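Working through the structure, step by step
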Amino acid sequence: MLSKFFRPNLILNSVTEITPALLREHGLRFLLLDVDCTLKRYRDTLLPESSLRWIESLQQANIGLCLLSNGKKHRIQQVAEQTALPYVAAAMKPLPFGIRTAISSLGFDKAATGIAGDQIFADILAGRWAKIFTIYVAPIHPEEEHWYTRIKRPLEKRLLPHF
Ligand SMILES: [Mg+2]
């Protein structure tokens, strides 16, 4: 079945539902994080307090984090500075290269690395391609995104009930 290939390992309503305990349960110590519609609304330049607090809670539990976004560098850099997290911008997800770059440059253990994001055809597909653990989170205000992202949403909606 084709939908099997796009199936995330976990499906959650929000990135903030990812707890250190949940990661540990799945053998994960490192997490790559999508930015737009995962940690913040697309149009916002900075992360909301809720995402900052969540990031802090993972850091306190020694989870290695890295932002991994298809967004342009100048946009993602602002978020990286806000959080003091390393980042890969213009990652070209669903291609797996950004994931590989993040894992190798930060010395993450690939077998203990997951990716969390709101797009099946970018974040999840990239994670599957790179053969790491994938966590789908429902998007925050997806209507604010570019048309080329929004056109993929109806297809995602049709796919999700199969998972
Ligand atoms: Mg996104």
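As shown above, the structure is provided for reference.
Quick caveat: nothing in here was measured; it's all calculated off a predicted structure. (Residues numbered from 1 in each chain as written. Predicted model: local features only at pLDDT ≥ 70, side-chain atom pairs only at ≥ 80, totals over all residues. Heavy atoms only, no water.)

**A closer look at helix H5 (residues 97–106)**
One full turn of an α-helix is made of 3.6 residues, so residues set three or four places apart face in the same direction. The cut-off we apply is this: Any residue under 20% of the maximum accessible area for its type is buried, any over 50% is exposed, and the rest in between are partly exposed; the area is computed with a 1.4 Å probe on protein chains only. For helices the rule is a DSSP run of H or I covering at least 4 residues; for strands it is a run of E covering at least 2, with both sets numbered from the N terminus onward. To obtain the arc, one takes the directions from the helix axis to the C-beta atoms. Note on definitions: a residue-residue contact is assigned when non-hydrogen atoms from the two residues lie within 4.5 Å.
Burial in H5 covers these residues: Gly98, Ile99, Ala102 and Ile103. Each buried residue of H5 sits inside an arc of 130° when the element is viewed along its axis, so together they form one side. In this structure, H5 carries Ser104 and Ser105 as exposed residues pointing more than 90 degrees from its buried face. On its buried face, H5 sits against strand E2 (30–33), strand E3 (64–68), strand E4 (87–88), strand E5 (113–117) and helix H6 (120–129). Immediately beyond the C-terminal end of H5, within one or two residues, lies Gly107, with a positive phi of roughly 70°.

**As for the pairing of E5**
The condition is simple: By definition, two strands form a pair when at least two bridges between them are found by DSSP. Seen with its strands pointing away from the viewer, a crossover is right-handed when the path leading from the first strand over the helix to the second is clockwise.
The element E5 is largely enclosed, with a buried count of five among its five residues. What you see with E5 is no split at all: Thr113, Ile115 and Gly117 on one side and Gly114 and Ala116 on the other are buried throughout. Two elements, E2 and E5, share four bridges in a ladder whose sense is parallel. Directly across from Phe30, in E5, lies its bridge partner Thr113. Of the pairings in the sheet, the one linking E5 to strand E6 (residues 133–137) comprises four bridges and is parallel in character. In the strand pairing of E6, Gly114 is matched with Phe133. Each parallel crossover has a hand, and for E5 linked through H6 to E6 it is right-handed.

**Focus on the coordination of the magnesium ion**
Threshold: Water is absent from the atoms considered, so a metal site may look incomplete; donors are defined as N, O and S atoms within 2.8 Å of the metal, or 3.2 Å for Na, K and Ca.
Those donors, Asp34 (OD), Asp36 (O) and Asp118 (OD), are the protein atoms that reach the magnesium ion, and they lie 2.1 to 2.2 Å from it. Taking relative accessible area as the criterion, Asp34 reaches 7% and is therefore assigned buried. Given a relative accessible area of 0%, Asp118 falls into the buried group.

**Comments concerning the pattern of salt bridges**
Here is the rule: The working definition used for a salt bridge is a side-chain nitrogen of Lys or Arg within 4 Å of a carboxyl oxygen of Asp or Glu.
Evaluation of the coordinates by the stated rule reveals eight salt bridges. The closest approach of N and O atoms between Asp36 and Arg75, which form a salt bridge, is 2.7 Å. Taken together, the positions of Asp36 in the loop between E2 and helix H3 (49–60) and Arg75 in helix H4 (residues 73–83) put the pair 39 residues apart, joining distant regions of the chain. For Asp36, a relative accessible area of 8% gives the class buried. Among the charged side chains, a network of salt bridges with common partners joins Asp34, Lys93 and Asp123.

**Notes on the environment of Gly114**
Inspection of the secondary structure puts Gly114 in strand E5. For Gly114, a relative accessible area of 0% corresponds to the buried category. For the pair formed by Gly114 and Ala102, sequence separation is 12 residues and the distance between their alpha carbons is 12 Å.

Scope: geometric values only; no functional claims are made or implied.
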